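Coordinates in review
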Amino acid sequence: MSQSGMGAVDETLKTLTPKQREVLDFILNGKTVSEIAKVIYRHPTTVSKHLSEVAKKFGFQNAEEQYFSYRWDLIEHFTEHKPDLVSPELTGGRKIEPEFPDGPVPLDSPFYIERASVENRCFKALAKPHALVRIRAPKQMGKTSLMSRALAYVAEEQETKVATWDLMGVESEICESLEKFLKSFCIGVTQQLGLENQLSDYWDADLLSSNQNCTAYFGEYILPSIQGETLMLALDDIDRMFEYKPAMDFFALLRSWHEKSKTMPLWAGLRLFLAYSTEEYAQMDINQSPLNVGQQIDMSEFTLEQVQEVAQKYGLTDRSAASRQPWESLYRMVGGHPYLVRLALYQLATEGYSLADLLQSAPTAAGIYESHLRKHWDVLDRHPDLALAMRQVVRTREPVVLSPVVKFKLHRMGLVRYVGQQVVPRCELYRLYFDSVLGA
């Protein structure tokens, strides 16, 4: 080990802020971004920003419109130049344990697969003044994983304050009342920005509506408190509100804020970032769009090459041409659906399944996709018109013509894909499963 290498590391360490050094010490002791966030009571995006700043000081920097955490790069750098700071169990090199695909892919996970065309569009859209960006896709397509990386990128590159709110964690009682919902929203954003709760000073239920009170709280307290900085307000799982009466009033509020950001200096720094699943379209009036403004980002599926890349991460293949064939059969069964692909590869890597056995049982109640398929079946069972249309689609080998409304809903559920103006099953898994359960 060169003394010059050690000296350079020591000098760079002196430039770290106390918070940056704290995050680095946690990293070198084996903590992940999510684990650090829980320990220091900060959002993972905040931790990720500190980590990116540390990585940059040690020579690791993202290219434009990319986001990587560089967690293991730092561990390896210190293992080489300053091993006394690294936990002994980390000094043996990168250890990648198979990761079960349950929920968002963590910011520093090696199992995240970059979909450059989608990410580039998202990053560019968020960087624009007055941005309102909507990520939409069926469940388990990677919306939250993309959102977390986009927020980390924005926080690092744009010097933007970020406040997130996941509506999946909001109780039904609160969702049913517009006033309770907006108060909870205001308090949540206040806490994320590290401000004091002053809601009682700005909320006047006798003179103003709930939307007016919420606007006043942001316009008279939240935005002035951040002193003209850009505020990225990120709302995940907003489809949680689709079934509740206050939904349209809340979405109208967001639209009005978006318009204010384009015309009023105080609101100019506000940017909105929304993510929602599209399955609930099957249960909504098609004319009731949750939001119809801003830039829409639709999540893409994995390509066959990306499926092969995931398989490599699970230790199941190399990059040789000879290894391509097995993953074509998986790709034919589930397409490029991220969750379905990762679940299959996880099972192959950890449970001793053979690919042939896994694919044979995949479209049955005994297969690994039973829960995923059952959720879709439950929706079709409640909507006979959609079930009838889906039966027609899976039992016809040619593309099928459906009514515009039914076609739209099945597509938003993720069950079909378009071929011109017609539709076919999104993947062979859906064709085989629904052919067996939808009856004669």
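It should be noted that the structure appears before, not after, this text.
What you see is a predicted model; the values in this text were computed from it and never measured. (Residues numbered from 1 in each chain as written. Predicted model: local features only at pLDDT ≥ 70, side-chain atom pairs only at ≥ 80, totals over all residues. Heavy atoms only, no water.)

The tendency in soluble globular proteins is for nonpolar side chains to be buried side by side. By size, the foremost hydrophobic cluster in this structure holds 50 residues, and its most contacted members are Leu330, Tyr369, Leu380, Met390, Leu410, Leu429 and Phe434. Elements that contribute at least two residues to this core include exactly α13 (304–313), α14 (324–334), α15 (338–350), α16 (355–361), α17 (370–382), α18 (384–394), α19 (404–412) and α20 (428–437). No other element matches α15, which puts eight residues into this core. Excluding anything up to four places from it in sequence, Leu410 contacts Leu380, Leu386, Ala389, Met390, Leu402, Leu415 and Val416. (Core = buried A, V, L, I, M, F, W, Y, C linked by side-chain atoms within 4.5 Å. Buried < 20%, exposed > 50% of the residue type's maximum accessible area, 1.4 Å probe, protein only. Helix = DSSP H or I, 4+ residues; strand = E, 2+ residues; numbered from the N terminus. Contact = heavy atoms within 4.5 Å.)

Moving on, we come to the layout of surface pockets. Reported here for the largest pocket is a volume of approximately 940 Å³. Taken together, 36 residues form the lining of the largest pocket, with Lys139, Gln140, Met141, Lys143 and Ser277 sitting closest to its centre. Listing elements by their share of the lining of the largest pocket, those giving two or more residues are α7 (143–157), α15 and α17. The dominant element in the lining of the largest pocket, judged by the number of residues it contributes, is α17, at seven residues. Residue composition of the lining of the largest pocket, by class: 13 nonpolar, 10 polar and 13 charged. (1 Å grid on protein atoms, 1.4 Å probe; cavity = no way out; pocket = protein on both sides within 12 Å on 5 of 7 lines; lining within 4 Å. Points joined across faces, edges and corners; volume = space filled by probe spheres on them. Nonpolar A, V, L, I, M, F, W, Y, C, P; charged D, E, K, R; others polar.)

Over the atoms rolls a probe the size of a water molecule, and in doing so it shows where empty space is left. Overall, the coordinates contain two cavities of 30 Å³ or more when judged by the stated rule. Its boundaries defined by the atoms lining it, the second largest cavity holds a volume of some 30 Å³. Taken together, Pro138, Lys139, Glu279, His337, His372, His376, Met413, Gly414, Arg426 and Tyr430 form the lining of the second largest cavity. Classifying every residue of the lining of the second largest cavity gives three nonpolar, four polar and three charged.

This brings us to unusual backbone geometry. Backbone phi values are negative for most residues with the exception of glycine, while trans is the configuration of most peptide bonds. One non-glycine residue, Gln140, adopts positive backbone phi at about 70°. Overall, Gln140 belongs to the partly exposed group, its relative accessible area being 33%. At Asp237, a residue that is not glycine, the phi angle is positive and equals roughly 55°. By the element assignment, Asp237 lies in the loop between β3 (231–236) and α12 (247–263). Judged by relative accessible area, Asp237 falls into the buried class, the value being 13%.

This brings us to the pairing of β3. Buried residues dominate β3, accounting for six of its six residues. With burial as the criterion, each face of β3 is covered, one bearing Leu231, Leu233 and Leu235 and the other bearing Met232, Ala234 and Asp236. Across six bridges, the pairing between strand β2 (residues 161–166) and β3 is parallel. Among the inter-strand pairings, Val162 is bridged to a residue of β3, identified as Met232. As judged from the five bridges shared by β3 and strand β4 (residues 270–277), these two strands associate in the parallel manner. Counterpart to Ala234 in the pairing with β4 is Phe273. A crossover connection joins β3 to the parallel β4 through α12; in handedness this β-α-β unit is right-handed. (Pairing = 2+ DSSP bridges. Right-handed = clockwise from strand over helix to strand, strands pointing away.)

Of the positions making up α18, those classed as buried are Leu386, Ala387, Ala389, Met390, Val393 and Val394. Projected down its long axis, α18 shows its buried positions confined to an angular sector of 165°, all on one face. Opposite its buried face, α18 presents the exposed residues Pro384 and Leu388, each directed more than 90 degrees away. Residues of α18 that are buried make contact with α17, α19, β6 (416–419), β7 (422–425) and α20. (Arc of directions from axis to C-beta.)

Looking now at the sheet that holds β4. Taken in spatial order, the five strands make up an open sheet running β2-β3-β4-β1-β5, and their pairing is parallel. Of all strands in the sheet, those with a lone pairing partner are β2 and β5 (295–298), marking the two edges. Each strand of the sheet is rotated relative to its neighbour by a mean of 15°, with strand direction disregarded. Its contacts with the sheet put α12 on β1 (132–137), β3 and β4, and the angle it makes with β4 is roughly 150°. (Axes fitted to C-alpha atoms, helices over the stretch in contact; angles between N-to-C directions.)

What follows deals with the pattern of salt bridges. Under the defined criterion, the tally for this structure stands at 14 salt bridges. Linking Arg342 and Glu99 is a salt bridge whose minimum nitrogen-to-oxygen distance equals 3.2 Å. A residue pair is termed long-range when its members are at least 10 positions apart, and Arg342 in helix α15 and Glu99 in the loop between α5 (71–81) and α6 (116–127) qualify at 243 residues. Summarising the burial analysis for this pair, Arg342 and Glu99 share the class buried. Of the charged contacts, one joins Arg431 and Glu428 as a salt bridge, the two residues approaching to 3.5 Å between their closest N and O atoms. Note that Arg431 and Glu428 are positioned in helix α20 at a spacing of three residues, about one turn of the helix. (Salt bridge = Lys/Arg side-chain N within 4 Å of Asp/Glu carboxyl O.)

With respect to the helices, strands and loops of the structure, Tyr418 is situated in strand β6. The sequence separation of Tyr418 and Lys407 amounts to 11 residues, and the corresponding C-alpha distance is 8.8 Å.

Between helix α11 (residues 210–225) and α12, the least distance of the axes is 10 Å, while the angle of their chain directions is 40°. It follows that α11 is oblique to α12 by the angle criterion. Relative to α12, the crossing made by α11 is right-handed. Every residue of α12 that contacts α11 at Asn211, Cys214, Thr215 and Phe218 is listed here: Asp249, Leu253, Trp257 and Lys260. Residue composition of the contact of α11 with α12, grouped by class: four nonpolar, two polar and two charged. (Parallel < 35°, antiparallel > 145°, perpendicular 65-115°, else oblique. Left-handed = near helix turned anticlockwise from the far one by under 90°.)

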